[in-house]
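Chain residues, written in single-letter form:
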Amino acid sequence: EEKIAKAESELKLEFMRKEKDFAEAKAQILYDTYKDIQGRVSQLAEFNGISVVLRYAKDEMDAKKPQSVTAGIARDLVYFNSGIDMTPQVLQMLGVTNPQSPTN
């Protein structure tokens, strides 16, 4: 029983480590993708003379903190001129083909 309990404990610890590693890897992918999109939006905004793009929250994302990345991605980007939609150009810059229409 002692060996089984020790083995079970070790397996639980290993599972927790793997789960943490997976969450951090997922957060890093989401972080990198978000930063890439953010950079493309900045490029397009500058090119088109757009001077304001606002984020909803001021807290910065930390790739080592999955919850901060999830919250960061959920931020609303707000621009006062709703007649300009840069989504197709951003998707083109990212190499996305046949994108689904964004839903508002």
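It should be emphasised that the depicted structure is a prediction, and the values quoted were computed from it without experimental measurement. (Residues numbered from 1 in each chain as written. Predicted model: local features only at pLDDT ≥ 70, side-chain atom pairs only at ≥ 80, totals over all residues. Heavy atoms only, no water.)

The next thing to look at is the overall build of the protein. Per the secondary structure count, the protein includes three helices and two strands. Each helix and strand of the protein, placed in order from N terminus to C terminus, yields the pattern α-β-α-β-α. Here the protein holds 104 residues, and 13% of them are scored as buried. Taking all contacts inside the protein whose residues are at least 6 apart in sequence as the whole, residues at least 24 apart take part in 62%. Of the roughly 8800 Å² of accessible surface on the protein, 55% is carried by carbon and sulfur atoms. (Helix = DSSP H or I, 4+ residues; strand = E, 2+ residues; numbered from the N terminus. Buried < 20%, exposed > 50% of the residue type's maximum accessible area, 1.4 Å probe, protein only. Contact = heavy atoms within 4.5 Å. Areas by Shrake-Rupley, 256 points an atom, 1.4 Å probe, with all protein chains shown as cover.)

The pLDDT averaged across the protein works out to 81; a share of 77% of its residues lies at or above 70. Across the protein, the secondary-structure element scoring lowest on mean pLDDT is strand 2 (residues 77-78), at 50, and the one scoring highest is helix 1 (residues 2-47), at 93. (pLDDT = per-residue confidence, 0-100.)

Counted by the stated rule, this structure contains five salt bridges. The partner of Lys-12 in a salt bridge is Glu-8, and the shortest N-O contact between them spans 3.5 Å. With Lys-12 and Glu-8 both in helix 1, this residue pair falls four residues apart, about one helical turn. A salt bridge links Lys-20 to Glu-24, with the shortest nitrogen-to-oxygen separation between them at 3.1 Å. Here the residue Lys-20 and the residue Glu-24 both occupy positions in helix 1, the gap between them amounting to four residues, near one helical turn. The exposure class of Lys-20 is exposed, given its relative accessible area of 51%. Within this structure, Glu-14, Arg-17 and Lys-18 form a network of salt bridges that share partners. (Salt bridge = Lys/Arg side-chain N within 4 Å of Asp/Glu carboxyl O.)

Moving on: helix 1. Given a rise of 1.5 Å per residue, 46 residues ought to cover 68 Å, and the 67 Å separating the end C-alpha atoms of helix 1 matches this to within 8%. At the C-terminal side of helix 1, Gly-49 shows a positive phi close to 70°. (Expected span 1.5 Å × (residues − 1).)

Another aspect to go through is the nonpolar core. Counting residues in each nonpolar core, the largest one holds six residues, listed as Val-41, Leu-44, Ala-45, Ile-50, Met-86 and Val-90. Ranked by residues supplied to this core, first place goes to helix 1 with three residues. With near-sequence residues (within four places) excluded, Val-90 lies in contact with Ile-37, Arg-40, Val-41 and Leu-44. (Core = buried A, V, L, I, M, F, W, Y, C linked by side-chain atoms within 4.5 Å.)

A cluster of nonpolar residues, Leu-13, Phe-15 and Met-16, forms a patch on the protein surface that exposes about 330 Å² of accessible area. When you line up the elements, Leu-13 lands in helix 1. Taking relative accessible area as the criterion, Leu-13 reaches 43% and is therefore assigned partly exposed. (Patch = residues over 30% accessible without salt bridge, like charges linked within 9 Å, V, L, I, M, F, W, Y side chains within 5 Å.)

Quick look at the environment of Lys-26 now. Topologically, Lys-26 is positioned in helix 1. Separated by 37 residues in sequence, Lys-26 and Ala-63 place their C-alpha atoms 8.9 Å apart.

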